[in-house]
Amino acid sequence: MTRPSLKVEDLHVSIEDKEILKGFGIEVNGGEIHAIMGPNGTGKSTLASALMGHPKYEVTSGNATFNGEDLFEMEVDERARAGLFLAMQYPSEVSGVTNADFVRSAINANREEGDEISLMKFIRKMDEKMNTLEMDETFQQRYLNEGFSGGEKKRNEILQLLMLEPKIAILDEIDSGLDIDALKVVAKGINELRSDDFGCLIITHYQRLLNYIKPDFVHVMMQGRIVKSGGPELAERLEAEGYDWIKEELGIEDETVGQE
Amino acid sequence: MTAETKFPVNHNDIKSFSKDREEPQWLTDLRISSLEQAETLELPKPDKTNISKWDFTKFDLNGAFSAEVSDSVKELIGEADKAQMLMAQKNGETLFQKLSAELEEKGVIFTDFQTAVKEHSDLVQKYFMQEAISTNENRLTAMHAALVNGGTFIYVPANVEVDIPIQAVYTQEGTFGLFNHVLIVAEANSSVTYIENYITEGEPTQSNANIIAEVYVHDGASVHFGAVDNLSKDITTYVNRRAHVTGRDAKVYWALGQMNDGNTVSENTTYLVGEGSYGDTKTVSIGRGKQTQNFTTNVIHFGKHSDGQILKHGVMRDEATSIFNGISKIEHGATKANGEQTERVLMLSEKARGDANPILLIDEDDVTAGHAASVGRIDPLQMFYLMSRGISRREAERLIIHGFLAPVVNELPIESVKEQLIEVIERKVL
Ligand SMILES: Nc1ncnc2c1ncn2[C@@H]1O[C@H](COP(=O)(O)OP(=O)(O)O)[C@@H](O)[C@H]1O
Ligand SMILES: [Mg+2]
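From a predicted model like this one, the values you see are computed outputs, not experimental measurements.

Caption draft 1: Layout of the overall build of chain B. Tallying secondary structure elements over chain B gives ten helices and 19 strands in all. For 430 residues, the compact-globule formula gives about 22 Å, and the C-alpha radius of gyration of chain B, at 21 Å, lands near that figure. In terms of its C-alpha atoms, chain B occupies a principal-axis envelope of roughly 65 × 55 × 50 Å. Within chain B, contacts between residues separated by at least 24 positions form 82% of all contacts whose residues are at least 6 apart in sequence. With the model as given, the accessible surface of chain B reaches about 16400 Å², and the carbon-plus-sulfur share is 46%.

Right, dumping it as structure tokens:
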């Protein structure tokens with residue numbers, strides 16, 4: 001089996017006619033964990049959203065392939081069924097749809113018609129994953145993200161990740177709003193997925209999470225593109241010294257993008 | 001505007017129809033005077049929907065039909081031995097009917113309208129189109145009284161609790177115009193649950209349905225009334241369900257699934273007359289195709305401490321248009337009354353139209369009342385979220401629709417209505 005891969009080249013993305021991504025490139029393969037770090041407002045969520053196909057973000061040039069196929073030719077649901085997953089920074093709330101019904105629909109959407117997951121199997125798997133994430137079982141019957149705290153929403157995103165077992169996952173600020181215990185729990189869940197068949201792109205602006213999920217590559221994003229890449233030691237230096245040294249090194253005054 | 005109206009029936013038709021059915025004289029007279037009213041009265045004027053061009057005269061009174069109990073009827077009534085009280089009618093004729101012997105002994109009456117006017121003439125006459133609705137409200141109520149040709153009478157004596165739901169299925173087929181009347185009387189401290197289904201069978205043909213239900217609830221009695229309207233797109237429907245909650249602490253609970261595919265005017269009115277009386281209305285509606293519908297719910301408070309609740313959710317697809325009116329009217333003297341209502345409309349396509357109009361009319365100071373309403377389109381971010389998990393656009397819409405209707409469907413007090421509705425919704429959102 002070939003390892004999954006996501007390749008992005010010279011990507012330009014606009015929102016409401018403002019260019020936010022300005023020549024972004026990366027390659028994420030199965031077995032690799034990449035971290036994208038960067039201050040607020042540098043285009044990290046824009047990257048994640050555009051790759052998943054968020055309706056508000058317009059790809060103006062560049063390309064992306066997922067396992068060799070043109071990502072931007074696929075509908076949102078096709079990208080997901082091909083094995084791409086996005087844990088969102090701000091997931092929607094959907095009233096009246098229980099978490100369990102939603103996850104089951106999603107699992108079945110990824111399976112052939114006639115090969116739906118049995119209710120027993122589903123319940124067993126859901127119980128197991130919720131256990132891993134130390135989630136209360138009442139979350140199964142609660143409406144999707146409705147009234148969830150910030151931290152509960154993050155855990156719920158990771159629950160979906162564990163249930164759906166995608167090939168490449170993008171985690172957008174999955175650590176914000178989590179206390180250190182919750183962070184460890186979530187990291188444990190993600191580490192369980194580590195294998196050659198799974199690649200991961202972790203977006204964060206703290207290095208905290210990276211203490212628990214060791215990245216293979218660390219990239220710094222500013223002004224809508226990657227400005228520096230390295231290994232785990234780069235994240236440690238950012239933790240110790242902040243971002244200013246990079247700005248100085250590269251002569252960047254304002255690292256953000258799209259601000260008036 | 002009445003001049004051009006050509007009724008498919010005249011006095012002689014009605015006389016012989018009434019005679020054939022061996023009806024008491026009072027009903028024959030009422031039919032004839034109502035026909036005269038129908039010729040001069042105007043159509044009802046539901047707020048914000050213009051129905052002046054709708055054809056309410058395109059029907060026959062004797063359409064041929066097959067008298068077999070169809071599979072869809074069987075499906076609705078389920079296992080015959082489980083449901084002990086059933087009525088199945090087609091084009092006004094009773095196909096079969098069942099009442100438990102035990103309840104019959106206790107004095108419960110459950111019979112078709114035609115039998116009721118013969119066997120319980122005084123009782124029917126006492127209530128039929130008296131307090132809850134009158135024959136001369138508009139042309140359609142008058143036509144109804146003139147032409148009533150199907151329906152059911154339910155009488156529950158004082159202190160009798162009917163603990164098994166009474167179920168009725170009314171089938172319309174062909175050009176037959178269905179003028180169905182349901183009359184329910186719940187005497188003091190009695191209780192009953194009644195569930196009705198309206199369905200169309202056979203080849204699609206233009207026709208009309210004119211449906212009236214009257215519910216009288218006396219002291220301390222309670223009536224649960226569930227309905228799933230599911231007439232086909234060729235049927236233009238007028239349906240008016242009214243409760244006269246006469247008694248002290250009397251209660252009525254409406255659970256209405258408004259799922260017709262044709263143009264429909266649906267009114268539901270609860271008169272909270274008794275002190276401490278309670279009315280609860282929950283409705284779910286789905287509009288599709290090019291149909292136009294008007295759903296008006298009125299709760300009119302006369303009784304002190306009366307409490308009226310309205311909750312309506314509707315989904316509009318395709319090019320469907322619907323108006324959701326909610327009117328809570330608190331009359332002078334109805335102190336400590338409480339009236340609350342919520343109307344929510346979700347539109348799924350650019351061409352769908354929906355409007356929600358909550359209205360509070362209050363003529364008394366010492367009351368509480370509140371309303372909420374929203375009309376909106378499906379949230380593209382919700383769609384993105386659901387689809388980002390691999391769920392197709394269609395399935396994502398289906399989940400959102402079910403979710404939108406869930407707050408009403410889940411609260412429906414009658415389990416079998418809930419189940420039937422979930423099935424109808426499922427079919428309509430595919
Ligand atoms: N929905 C949006 N509408 C308008 N501007 C947006 C929207 N989302 C992001 N932006 C703009 O894009 C820029 C980058 O935002 P974002 O990608 O969210 O950054 P990050 O995730 O790195 O904090 C910001 O200047 C922000 O103002
Ligand atoms: Mg962000």
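Caption draft 2: View of the site of ligand 1. Residue and element names in this part refer to chain A. Taken together, 16 residues surround ligand 1, and among them Gly41, Ser45, Thr46, Val257 and Gln259 come closest. Here an oxygen atom of ligand 1 sits 2.5 Å away from a polar atom, N or O, in the side chain of Thr46. Protein chains shield 76% of the accessible area of ligand 1, which is 550 Å² for the free molecule. Taken together, the elements giving at least two residues each to the shell around ligand 1 come down to β2 (18–29) and α1 (44–52).

Caption draft 3: Structural context of the sheet that holds strand β14 (residues 292–301) of chain B. All names here are of chain B. Reading across the sheet, the nine strands line up as β3-β4-β6-β8-β10-β12-β14-β16-β18 and stay open at both edges, with mixed pairing between neighbours. Whereas interior strands pair on both sides, the edge strands pair on one side only; in this sheet they are β3 (109–112) and β18 (353–362). Sheet twist, expressed as the average angle between the axes of neighbouring strands with direction ignored, equals 5°. Direction of pairing for strand β16 (residues 321–330) relative to β18: parallel, over a ladder of ten bridges. Its bridge partner being in β18, Ser322 is matched across the sheet by Gly354. On the sheet, helix α7 (residues 139–147) packs against β6 (178–186), β8 (207–217) and β10 (235–245) and is oriented at approximately 90° with respect to β8.

Caption draft 4: The arrangement of the coordination of the magnesium ion (ligand 2) in detail. All names here are of chain A. Coordination of the magnesium ion (ligand 2) by the protein is provided by Ser45 (OG) and Gln89 (OE1), with metal-donor distances spanning 2.1 to 2.2 Å. Here Ser45, found in helix α1, pairs with Gln89, found in the loop between β6 (84–87) and β7 (94–98); they are 44 residues apart in sequence, far enough to count as distant. Among the residues examined, Gln89 registers a relative accessible area of 16% and is labelled buried.

Caption draft 5: How the structure looks around helix α2 (residues 25–40) of chain B. Residue and element names in this part refer to chain B. With 16 residues, α2 should reach 22 Å at 1.5 Å per residue; the first-to-last C-alpha distance of 23 Å fits that figure. Buried within α2 we find Trp26, Leu27, Thr28, Arg31, Ile32, Ser34, Leu35 and Ala38. Elements that come into contact with the buried residues of α2 comprise α1 (11–20), α5 (113–119), α6 (121–127) and α7.

Caption draft 6: Spotlight on the confidence of the model for chain B. For chain B, the average pLDDT comes to 93, and 97% of its residues sit at 70 or higher. Both confidence scores are given for the complex: pTM 0.87, ipTM 0.97.

Caption draft 7: Molecular detail of the nonpolar core. Ranked by size, the top nonpolar core spans 113 residues in total, and within it Phe24, Leu51, Ile158, Leu161 and Leu171 of chain A together with Leu405 of chain B carry the most contacts. Sort the elements by how many residues they give to this core and helix α9 (residues 393–409) of chain B lands first, with eight residues. Judged by nonpolar contacts, the second largest core, of 42 residues, contains Val156, Tyr170, Phe176 and Ile184 of chain B.

Conventions adopted
- Residues numbered from 1 in each chain as written.
- Chains lettered and ligands numbered in written order.
- Predicted model: local features only at pLDDT ≥ 70, side-chain atom pairs only at ≥ 80, totals over all residues.
- Heavy atoms only, no water.
- Helix = DSSP H or I, 4+ residues; strand = E, 2+ residues; numbered from the N terminus.
- Rg over C-alpha atoms; globule rule 2.2 N^0.38 Å.
- Contact = heavy atoms within 4.5 Å.
- Areas by Shrake-Rupley, 256 points an atom, 1.4 Å probe, with all protein chains shown as cover.
- Near = heavy atom within 4 Å.
- Polar contact = N/O pair within 3.5 Å; in protein donor to acceptor, adjacent residues only side chain to side chain.
- Pairing = 2+ DSSP bridges.
- Axes fitted to C-alpha atoms, helices over the stretch in contact; angles between N-to-C directions.
- Donors = N, O, S within 2.8 Å, 3.2 Å for Na, K, Ca; no water.
- Buried < 20%, exposed > 50% of the residue type's maximum accessible area, 1.4 Å probe, protein only.
- Expected span 1.5 Å × (residues − 1).
- pLDDT = per-residue confidence, 0-100.
- Core = buried A, V, L, I, M, F, W, Y, C linked by side-chain atoms within 4.5 Å.

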